[in-house]
Amino acid sequence: MASSLKVKRCIVVFVLLMPFCGKAQINSTQSDTLFLNIDSCESMFLKNNLQLIASRYNVSAQKAFEIQAKLFPNPSLQFNQSFYNPETKSILPFGENGESSAQLSQLIQLAGKRNKQIKLAQANVQLSQLQFIELLKTLRYSLNTDFYAIFYLSNSAKVYSAEINSLRHLVSAFTIQLQQGNVSEKEEIRVKAQLFSLESEYNDLCLQIKDVETELSLLLQTKEVIAPRLNQRTIDNLSLQQYPVETLVDSALINHPDIQIAKLNTQISRLNYRYQRSLAVPDLTFSFGYDQQGGYVKNLTTLGVGIDLPFFNRNQGNIKASQMQIKMSEVTEQTQESTIQSAIRNAYQKAQSYNNLYLARDKQFDQDFQTIQQATLKNYENKNISLLDFLDFYNAYKQNVIQLNTLQLDRVNAFEAINFYTGCSFFSLN
C-alpha cells in the first residue's frame, strides 16, 4: 500500500511539473537572447542587412551612369611638328625652317542618340530602385515568416520540453518501483517508449527551429538568438471581410515590384530599340585645322566635316535583336501578371480556409484542460483508467497544441503572403 502511494506521488509530481519544466529551460538562455517584436526586428533588419546595403550601392551606381550619359563627347586635338629638317640638319625646327600643323575636331551625334542614351540610363535607375524595393519586400517577407515560425515552433517546443522533463522524472520513479516489484515491466517500458518518442520529435523540432533562427540571424546580422514577441490580439482580429479578392488583385497589378519591373523592362526594351535604330545613322565630325607650310599656301587654315558611309554596317543585327527583346519583354510582363494574380487568389483562399478553421476552434479548450487534467489524474489514481490511457491523454493534448500552433502559423503566413503579393500592407500583424 505504501509503495502504491509512492507511485501515485510520482504521478502527481509528473503532472504538476509539466507547466514549469519548460520555463526553467527557457529562462536559462535569456542572457544571449534578444526579445523583440516585429517592428524592432524590422528596424534592425533595415539597418544591418548586407544585401540591402549592396542593393543601395547599385542604385547609386546607376545614378552615376545617368550622369555619364548626359555628358557630351570631348573635342579632339591633334598637333604635328616636323622632327628633322635634312636641309638645315636641325632637330625639331620651328619657324620658317620647320613645319607645324594642328587640328581640332568635335563629334556631333545625330538622330537623338544622346537623348536616347539619357532615357535609357534614367530607366535603368528606375529599374535599380524597383529591384531594391523588390529585394526589400522579399527579404522582409522572409524575415516576417521566420519571425512567426520561431514564435509558434517555440511554443510547440515548450510542450515537448515540459512533457519530456516530467516523463524523465516518471521513468526514474518507475525504475525504482519496478525493482521493488510495485509496478510491472510493461508499464515501465511503455513510459520509456513514450519518452524516447518525445525526445526524437523534440530533437527534430529543435533542429527545425535552429535552421530558421540561423536564417533570421543572417537577415539581421546578429549572433544573438531572437525571441519573438507577438501581439496576439491583433493577430486574432485579422479578417478578410473588408478586402474583396478583386481589390487585392488590382492593387498587385499596380504596386507589386515584380510587375512594375516587368513593365519597366518592356519600356527599356522599346527605348533600346529606338536607340539601336539611331545608331544606324552615322555621326558627323566637324574639324578646324591649321598648317604652317605644308599646304598650297603658308599658314593654311581649314574647316572640315566627316561622316561614315553606311554601306555595309547599318546596325541591322542589333535592331533585329532589340525587336525580339520587346516581344520577349511583353510576354514576360503578361506571364508575371498572371503569376501574381494566381498567387494572390491562392493566398486569399488559404487565408480564408485557415481563418475559418481558427475562428471555429473551441476557445475554452485551454481553460477546460486544467479541469480535465485533474479529473484524468483522479481516474488514474482510482484505477479507473490505465497508464496507457493516462499517457494518451497528455499525448492528445500535445498534438492539439502543436496543431493549433501550426494552424496559427499557416494563418499568419497566408495573410503575410497577401501583403507580399499585393505590394501593400493590407493586413497589419504588428
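Residues numbered from 1 in each chain as written. Predicted model: local features only at pLDDT ≥ 70, side-chain atom pairs only at ≥ 80, totals over all residues. Heavy atoms only, no water.

Caption draft 1: Inspection of the overall build of the protein at higher detail. Along the protein, the regular secondary structure elements total 11 helices and 8 strands. Sorting the 430 residues of the protein into buried and exposed places 38% on the buried side. For the protein, the share of sequence-separated contacts (at least 6 apart) that also reach a separation of at least 24 residues comes to 81%. Roughly 24600 Å² of accessible area belongs to the protein as shown, and the carbon and sulfur atoms make up 55% of that amount. (Helix = DSSP H or I, 4+ residues; strand = E, 2+ residues; numbered from the N terminus. Buried < 20%, exposed > 50% of the residue type's maximum accessible area, 1.4 Å probe, protein only. Contact = heavy atoms within 4.5 Å. Areas by Shrake-Rupley, 256 points an atom, 1.4 Å probe, with all protein chains shown as cover.)

Caption draft 2: Layout of helix α11 (residues 387-422). Helix length check: α11 (36 residues) gives 53 Å between terminal C-alpha atoms against 52 Å at 1.5 Å per residue, within 8%. After α11 finishes, the residue Gly 423 shows a positive phi value of roughly 80°. (Expected span 1.5 Å × (residues − 1).)

Caption draft 3: A look at the environment of Gln 323. Position of Gln 323 among the secondary structure elements: in helix α9 (residues 316-359). Spatially, the C-alpha atom of Gln 323 lies 9.8 Å from that of Gln 276, the residues being 47 residues apart in sequence.

Caption draft 4: Fine view of the pattern of salt bridges. Within the structure shown, the criterion is met by 7 salt bridges. The closest approach of N and O atoms between Lys 113 and Asp 283, which form a salt bridge, is 2.7 Å. Taken together, the residues span a long stretch of sequence, with Lys 113 in helix α4 (residues 113-179) and Asp 283 in the loop between α8 (257-279) and β7 (284-291) at a distance of 170 residues. Judged by its relative accessible area of 3%, Lys 113 falls in the buried class. (Salt bridge = Lys/Arg side-chain N within 4 Å of Asp/Glu carboxyl O.)

Caption draft 5: Molecular detail of the nonpolar core. In this structure, Tyr 148, Tyr 152, Leu 220, Ile 418 and Phe 427 are the most contacted members of the largest nonpolar core, which totals 64 residues. Elements represented by at least two residues in this core include exactly α2 (38-48), α3 (50-69), α4, α5 (185-220), α7 (245-255), α9 and α11. Looking at which element gives the most residues to this core, the answer is α4, with 18 residues. Core analysis: the next-biggest nonpolar cluster, separate from the first, contains 9 residues, Leu 120, Leu 127, Leu 264 and Tyr 275 among them. (Core = buried A, V, L, I, M, F, W, Y, C linked by side-chain atoms within 4.5 Å.)

Caption draft 6: Representation of the confidence of the model for the protein. Chain-level pLDDT for the protein is 85 on average; 88% of the residues reach the 70-or-more range. Element-level mean pLDDT values for the protein span from 44 in helix α1 (residues 2-27) up to 95 in α8. Low pLDDT, under 50, characterises residues 1-31; the stretch is placed with 42 contacts to residues that sit more than four places away or in other chains. (pLDDT = per-residue confidence, 0-100.)

Caption draft 7: Focus on a nonpolar patch on the surface. A surface patch of nonpolar side chains, amounting to about 590 Å² of accessible area, comprises Phe 83, Tyr 84, Ile 91, Leu 92 and Phe 94. Position of Ile 91 relative to the elements: it lies in strand β4 (residues 90-91). (Patch = residues over 30% accessible without salt bridge, like charges linked within 9 Å, V, L, I, M, F, W, Y side chains within 5 Å.)

Caption draft 8: A look at the sheet that holds β7. Reading across from one edge, β2-β5-β7-β8 is the order of the 4 strands in this open sheet, with antiparallel pairing throughout. Strands with a single pairing partner mark the edges of an open sheet, and in this sheet they are β2 (76-81) and β8 (300-307). Ignoring strand direction, the axes of neighbouring strands in this sheet form an average angle of 15°. As defined by bridge partners, β2 adjoins strand β5 (residues 100-108) across 6 bridges and the pair is classed as antiparallel. Counterpart to Phe 79 in the pairing with β5 is Ala 102. (Pairing = 2+ DSSP bridges. Axes fitted to C-alpha atoms, helices over the stretch in contact; angles between N-to-C directions.)

Caption draft 9: How the structure looks around the packing of α2 against α5. Taken N-terminus to C-terminus, the directions of α2 and α5 make an angle of 55°; their axes are 7 Å apart at the nearest point. One way to sum up the angle between α2 and α5 is to call them oblique. For the pair formed by α2 and α5, the contact residues are Cys 41, Met 44, Phe 45 and Asn 48 on the first element and Leu 216, Leu 219 and Leu 220 on the second. In terms of residue class, the contact of α2 with α5 is built from 6 nonpolar, 1 polar and no charged. (Parallel < 35°, antiparallel > 145°, perpendicular 65-115°, else oblique. Nonpolar A, V, L, I, M, F, W, Y, C, P; charged D, E, K, R; others polar.)

Caption draft 10: Inspection of the packing of α5 against α11 at higher detail. At a closest axis distance of 10 Å, the pairing of α5 and α11 adopts a crossing angle of 15°. As summarised for this structure, α5 and α11 are arranged roughly parallel, according to the angle between their axes. Helix-helix and strand crossings are classified by hand; for α5 and α11 the assignment is right-handed. For the pair α5 and α11, contact is made by Glu 187, Arg 190, Val 191, Gln 194, Leu 198 and Glu 201 and by Leu 387, Leu 388, Leu 391, Asp 392, Asn 395 and Lys 398, respectively. Split into classes, the residues belonging to the contact of α5 with α11 amount to 5 nonpolar, 2 polar and 5 charged. (Left-handed = near helix turned anticlockwise from the far one by under 90°.)

Caption draft 11: Focus on the packing of aromatic side chains. Evaluation of the coordinates by the stated rule reveals 8 aromatic pairs. Between the aromatic rings of Phe 415 and Phe 427, the centroid separation amounts to 4.9 Å while the plane-to-plane angle is 70°, which identifies the pairing as edge-to-face. Residue Phe 415 is found in helix α11, and its partner Phe 427 is found in the segment after α11; the two are separated by 12 residues along the sequence. On the accessibility criterion, Phe 415 (0% relative accessible area) is buried. The cationic tip of Arg 114 hangs over the ring face of Phe 72; the distance from NZ or CZ to the ring centre is 4.0 Å. (Phe/Tyr/Trp six-rings, centres within 6.5 Å; stacked < 30°, edge-to-face > 60°. Lys NZ or Arg CZ within 6 Å of the ring centre and 35° of its normal.)

Caption draft 12: A look at the environment of Ser 251. Summarising the element assignment, Ser 251 is placed in helix α7. Using a relative accessible area of 9% as the deciding quantity, one classes Ser 251 as buried. Expressed as a C-alpha distance, the spacing of Ser 251 and Gly 423, which sit 172 residues apart in the sequence, is 7.3 Å. In this structure, Ser 251 is in contact with His 256, Thr 422, Cys 424 and Phe 426, ignoring residues within four places of it in sequence.

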